[in-house]
Amino acid sequence: MALMNGPEFAVGDICNGQSPIHAIIGETESSATVILSRTTGPFKIPVISPSATCECLSDRNNYPSFFRTIASDYHQSTALAYIVKHFGWSWVGAVNSDNDYGNNGIAIFLKTAQEEGICVEYSVKFYRTEPEKLRKVVQIIKKGTAKVIVAFLSQVEMGNLFDQLSIENITDFQLIGVEAWITAKSLMTPNSFQVLGGSLGFAVRKIYIEGFADYVLKKFWNTAFPCSQTEGNSSQYVLNCSGYQDLIALKNYNEDVTEQRYSSNVYKAVYAVAYSLHSLLQCTKQGDCEKGLTIQPQQVVEALKKINSTIKTGDSVWFDRTGAVVAQYEVVNWQQDSDGSVQFKPVGYYDASLPPDQRFVLNTENIIWAGGKLKKPRSVCSVSCRPGTRKAAQKGRPVCCYDCIPCAEGEISNETGLTVLVAILFYSKKDTPIVKANNSELSFLLLFSLTLCFLCSLTFIGRPTEWSCMLRHTAFGITFVLCISCVLGKTIVVLMAFKATLPGRNIIKWFGPAQQQLSVLAFTLIQVIICVLWITISPPVSYKNMKYYHEKIILECSLGSTIGFSAVLCYIGLLAVLCFLLAFLARTLPDNFNEAKFITFSMLIFCAVWITFIPAYIKFAGETQMLVENLSQNIIESPIELEQGESQSIDYDSADSDTSDETVAFQ
C-alpha cells in the first residue's frame, strides 16, 4: 500500500485517487503474486510477473490487470501427462507443493492423466514448513511400487524432498520435474546425481541477451557492492566490505549467467512496460515523446493488452486473452559429464505456437535415465497377460492393476474394439482354424456392412438435398438388411451344423459357403427392389417445414411414399424376427455352438429398440424427429456389432468387462 500511495504520503494528507505507480514487475512465486494482484486489482495497477505460472492467475474476473511473461501451468501440466504417456508409463506417483502453484498444477496433470489412461498410485503434498508431513510423503514413496514420480514442486520444496530422499538413501526413481526446479543450480551437490540423476522435465527456454554478462560483472556489481572500489580510505574500505568477503571471491565468476533462464522473462517484462508507455506518450523512433500527458494505470493495462513488438533478442512481446505468453519449453535431462559435473542437456522441446502434431518433440536416444542408466525404466502396476490368460480386476485398485488368471476350458483371451479393427484382425488371421471355423466369408461381409451402416450417419449432416434425402433411408435400409442377412446366414449354419452331427443326416452340404452367400444376396436384393420402387414412384425430397414452429423454418426430408418407408422397415423387422426365432431354437446347443446364444440376445435387444423407435419417430416432429432416427440407427447397429464381437467364443463374464464390446454397445 505504501508503494501504491507514494513515499511522501503522511497522516492528514488528502488522497487524490491517483497512484504514482503505473506498473509493478513481480512477484516471483505464484502465491505471493496472487496476494499482490488481488491488492492492486481494484486500483487497476498492472502487475507483470516473470515467473508466476499458476493457472489460477488466468482468471480475468479476479485478476483483470495481471500479466506474465511466462506461460500458464496449464500447458506444462498437460505436457507432463503427454511425456508420461509417450514413454509408456501407466503407473506413476505424484508429489506437489501445498500452495497455489503445486495444487493447481497437479490438478491439471491428474485430470489429463486420467483422460490419457494413466493410473496414479498416490498423490501427496507438503509445504516447506511441514517436516513431519514431508517424512510421511517419503515413506509413501518408499512403500510405493511406481518407479516414476511426477514432482510438481517449487525449488524450496524440491530441495527439502531431495535432502530427505538422500537421508533415506532412496534412489532409482525416475523423476519428472517442472520449470521451478529442473534447472536449479542449488540442487547440484556432489551427491545429487544419485537421487536426481536422469531426471526429465520442462525448463524455461534459454535466450541469449547480448551484453548481459558484461553488465552483471561490471556495472551491476559495482553498483550493488560498492566495496569493490579500491580507491579511497583503506579503513573505510575494510568497514564497507566486511559483509561481502564471500562475494568478492566470486566477482569474476560468470558461468551461471547463461543459466539465468528467468532473466529473459524479466527482460521482456521491462520492455512490455516500456513499449506501452511509449505508445501512450506517442514516442517516435527518434526518442521524442509528448510532454505534459497524464497517464493512468488503467491506460497502461489497456496498452499492454494491445502490445505486439519485437525486442533485441528477436522474441515477440505480446499477451494472449489471459495475460500470458505462448508456452515454449525445453525438455532437459540431468546428465553427468566425464568429470562428474551435472549438466542440463536439452533432449526435446514443447512449443504451443506450432501445429498440434509438431508441438512436442523428444530425442529419446539422447536421454540418460534414473541412476545414470541407459535403459528406460518400466513403471506398470500389472504386466500384460500372456496368451491363455485373462485380466481380473483387483478390488479397490485402479484399472491398471489386475491379476492374470487362466481362461476357462473352451475359451480364448482376446481384445475387440471398433468394427474396422476387428476386420483387420480377421484378415490378418484368416488362415487360422478359429477364423475359418467362424465362417470367415460371412464375418467379413458382416463387418463390411456394419462399416457402411456407420457411414450412413454422414447423410444426416448438412442441408438436405435431393440426393441426401434419398440416401438417408435407402442406403441404411439396404446396408442394414445386408447385416441382418449375414447374421441370419450364420444362424442357419449353426443350426444345420448341429443337425448334421446326428447319424444319417447330411444337411450341411445343402447350405455350403456358396449357398450362404447366395442367400445373403437374395435377401438383400429384395430390399434393393423395394428401395428402387420407392425412389422411382415417390422418392423422399427436401422441403421446408413450417408446420410445427411459427418462428423458424426447418429444412428436412419428407418421406415421399409412406408405404415405401413402411415396407423398408417391415422387411428389416421380418428378417430380424426370423433370425431371432431360428437363434432361439438353437439356444440350447452345446457351449461350442454358443454363437446362437449371442445372436438370440442381440436380436432381442434389436427388436426392443426397433419397437421403441417406431412410436418415438411418429411422436417427435421436425428436427427432433431426424435426431431420433439417426440415434436409433446407431443404437440398433450396436447389438449386431455386439454379436460379431462375441461370436468367437470369448469369455466376457470376467472382471475385465470394460474392454468388451458389451460395454461399448450399452454406452
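Attention in this report is confined to the structure presented alongside it. Model, not experiment: these values are computed from the prediction.

Focus on the overall build of the protein
- The number of helices and strands found in the protein is 21 helices and 17 strands.
- For the protein, the proportion of its 667 residues judged to be buried stands at 44%.
- Across the protein, every contact between residues at least 6 apart in sequence was considered, and the portion connecting residues at least 24 apart equals 66%.

Points about the pairing of strand β12 (residues 342-351)
- Sheet analysis places strand β11 (residues 328-336) next to β12, joined by nine bridges and oriented antiparallel. Across the sheet, residue tyrosine 329 finds its bridge partner in β12, namely tyrosine 350.
- Hairpin connection of β11 to β12: five residues between the antiparallel strands, including glycine 340 at a positive phi of 90 degrees.
- Looking at chain direction, β12 and strand β13 (residues 360-362) are connected through three bridges and run antiparallel. Paired with tyrosine 349 across the strands is valine 361, a residue of β13.

Observations concerning the sheet that holds strand β1 (residues 24-25)
- If you walk across this open sheet you meet the three strands as β1-β2-β3, and the pairing is parallel. Of all strands in the sheet, those bounded by a partner on one side alone are β1 and β3 (66-68).
- Both strand β2 (residues 47-49) and β3 contribute to a ladder of three bridges, which runs parallel. Within the sheet, the bridge partner assigned to isoleucine 48 lies in β3 and is phenylalanine 67.
- Here helix α2 (residues 30-40) sits on the sheet and contacts β1, β2 and β3; the angle it forms with β2, its principal contact strand, is near 165 degrees.

The rules behind the values
Residues numbered from 1 in each chain as written. Predicted model: local features only at pLDDT ≥ 70, side-chain atom pairs only at ≥ 80, totals over all residues. Heavy atoms only, no water. Helix = DSSP H or I, 4+ residues; strand = E, 2+ residues; numbered from the N terminus. Buried < 20%, exposed > 50% of the residue type's maximum accessible area, 1.4 Å probe, protein only. Contact = heavy atoms within 4.5 Å. Pairing = 2+ DSSP bridges. Axes fitted to C-alpha atoms, helices over the stretch in contact; angles between N-to-C directions.

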